Amino acid sequence: MEKTDKVTIPRILKMKKEGKKIAALTAYDATMAAIEDEAGMDIILVGDSAGMVIAGDADTISISLDEMVYMTKWVRKGVKRALLVGDMPFGSYQASSEQAVESAIRFMKEARAEAVKLEGGRAHTGTIEKMTAYGIPVMGHLGLTPQSVNLFGGYPLRGKSRDEADRIFEDAQLLEQAGVFAIVLEKITVELAQKISETLSIPTIGIASGPYCDGQILVAHDMLGLGPKFKFARRYLQGANVLRDAFEQYIQDIRSSDFPTEKESFHA
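Residues numbered from 1 in each chain as written. Predicted model: local features only at pLDDT ≥ 70, side-chain atom pairs only at ≥ 80, totals over all residues. Heavy atoms only, no water.

Trainee: What am I meant to see in the nonpolar core here?
Mentor: The nonpolar side chains of soluble globular proteins are, as a tendency, buried together. In this structure, M88, M131, I183 and I196 are the most contacted members of the largest nonpolar core, which totals 73 residues. The element that contributes the greatest number of residues to this core is helix 8 (residues 162-178), accounting for 6 residues. (Core = buried A, V, L, I, M, F, W, Y, C linked by side-chain atoms within 4.5 Å. Buried < 20%, exposed > 50% of the residue type's maximum accessible area, 1.4 Å probe, protein only. Helix = DSSP H or I, 4+ residues; strand = E, 2+ residues; numbered from the N terminus.)

Trainee: How do you make sense of the packing of helix 5 (residues 97-110) against helix 6 (residues 125-133) when you look at a structure like this?
Mentor: Two quantities define a packed helix pair, namely the angle between the helix axes and the distance between the axes. In contact at an axis separation of 9 Å, helix 5 and helix 6 are set at 45° when each is read in the N-to-C sense. Classed by the angle they form, the pair helix 5 and helix 6 counts as oblique. For the pair helix 5 and helix 6, the crossing hand works out as right-handed. Side by side, helix 5 and helix 6 meet where S97, E98, A100, V101 and A104 of the first sit next to G126, T127, K130 and M131 of the second. In the contact of helix 5 with helix 6, the residues fall into 4 nonpolar, 3 polar and 2 charged. (Axes fitted to C-alpha atoms, helices over the stretch in contact; angles between N-to-C directions. Parallel < 35°, antiparallel > 145°, perpendicular 65-115°, else oblique. Left-handed = near helix turned anticlockwise from the far one by under 90°. Contact = heavy atoms within 4.5 Å. Nonpolar A, V, L, I, M, F, W, Y, C, P; charged D, E, K, R; others polar.)

Trainee: What should I look at first to understand the packing of aromatic side chains in this one?
Mentor: Here the distance between the centres and the angle between the planes together describe a pair of aromatic rings. What the rule picks out here adds up to 3 aromatic pairs. Summarising the aromatic geometry, the rings of Y250 and F259 are spaced 6.0 Å apart at their centres and angled 55° between planes, so their arrangement reads as tilted. Taking the ring centre of F152 as reference, the NZ or CZ of R158 above it sits at 3.9 Å. Over the ring of F169 we find K195, and its NZ or CZ is 4.3 Å from the ring centre. (Phe/Tyr/Trp six-rings, centres within 6.5 Å; stacked < 30°, edge-to-face > 60°. Lys NZ or Arg CZ within 6 Å of the ring centre and 35° of its normal.)

Trainee: Would you mind going over the pairing of strand 6 (residues 182-186) with me for this structure?
Mentor: With 5 of 5 residues buried, strand 6 lies mostly within the body of the structure. Residues A182, V184 and E186 point to one face of strand 6 and I183 and L185 to the other, with burial holding for every one of them. Pairing geometry for strand 5 (residues 138-143) and strand 6, over 5 bridges, is parallel. Counterpart to G140 in the pairing with strand 6 is I183. Bridge count between strand 6 and strand 7 (residues 204-207): 4 bridges; the pairing is parallel. Among the inter-strand pairings, L185 is bridged to a residue of strand 7, identified as G206. With respect to chirality, the unit in which strand 6 leads through helix 9 (residues 190-199) into the neighbouring parallel strand 7 is right-handed. (Pairing = 2+ DSSP bridges. Right-handed = clockwise from strand over helix to strand, strands pointing away.)

Trainee: Please explain the packing of helix 8 against helix 9 as it appears in this structure.
Mentor: At a minimum axis separation of 10 Å, helix 8 and helix 9 run at an interaxial angle of 25°. Looking at the two axes, helix 8 sits roughly parallel to helix 9. Where helix 8 crosses over helix 9, the handedness of that crossing is right-handed. Where helix 8 approaches helix 9, its residues A165, I168, F169, A172 and Q173 are matched on the opposing element by L192, K195, I196 and T199. Here the contact of helix 8 with helix 9 is built from residues that sort into 6 nonpolar, 2 polar and 1 charged.

Trainee: What is the right way to read the pattern of salt bridges from this model?
Mentor: Going through the model one piece at a time under the given rule, you end up with 14 salt bridges. For E18, the salt bridge identified is with K14, shortest N-O distance 3.8 Å. Of this pair, E18 and K14 both sit in helix 1 (residues 9-18), 4 residues apart, roughly one helical turn. Within this structure, K6, R76 and E114 form a network of salt bridges that share partners. (Salt bridge = Lys/Arg side-chain N within 4 Å of Asp/Glu carboxyl O.)

Trainee: Where do I start with unusual backbone geometry in this structure?
Mentor: Most peptide bonds take the trans form, and the phi angle of most residues other than glycine is negative. Of the consecutive residues F259 and P260, the connecting peptide bond is found in the cis state with omega at -5°. As for its position among the elements, P260 is in the segment after helix 11 (239-255). Its identity as a non-glycine residue notwithstanding, K187 has a phi of 45°, on the positive side. Counting through the fold element by element, K187 comes out in the loop between strand 6 and helix 9.

Now the structure itself:
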């Protein structure tokens, strides 16, 4: 697939059939989204992780639907090729199927997202069926679901026990039957992720779930080294160090009157 080819949901499904790995990453603004898009990213997710890496909150719970839709509008301006997915925040779909449909419509009409993502399994299959029946593509999310942080008491590995692994596996099958086009598998055991990926006909997108998923996603800030180091997130750049060095050099150049120079100035 060429970098210029538009990524669609049928193309994502075809990649699974052809055994081609899917590359996904988060973005929260037009500038970063454009760079990711030009690099050839397959899926760009406007994640509710923005509540943590952009807003500075301790979790993803507080970010609102208005904020997520607004941010997705920014990202849309930078995306030409990748499949753009909006992350439905906590409280925007749990109350009813009608609420979920209304929230998803906002992502698609106001922000021009091409799909939405929501967390959870069997409790949401009826909602997903209704959404897809109305032409709203849905990506699922199982395993460690960050919106359930208060229920989990943190961010532990999921699927360690036989009962929990069986439940997550069953949920994955139920989500596929309900009509999701892909499922994010977050922080589950490698063995469970492999079993799900080999069983489903739709793609699995892993994060902290090992190498056997059909694709991978990370929070952009994590892979760029702009925040804390996590075991599962390979750093492709020591971003915080690079930026800090640049800021310090900028300050030094101002203090020493090295910036701006005559070449960087305008005259009458």
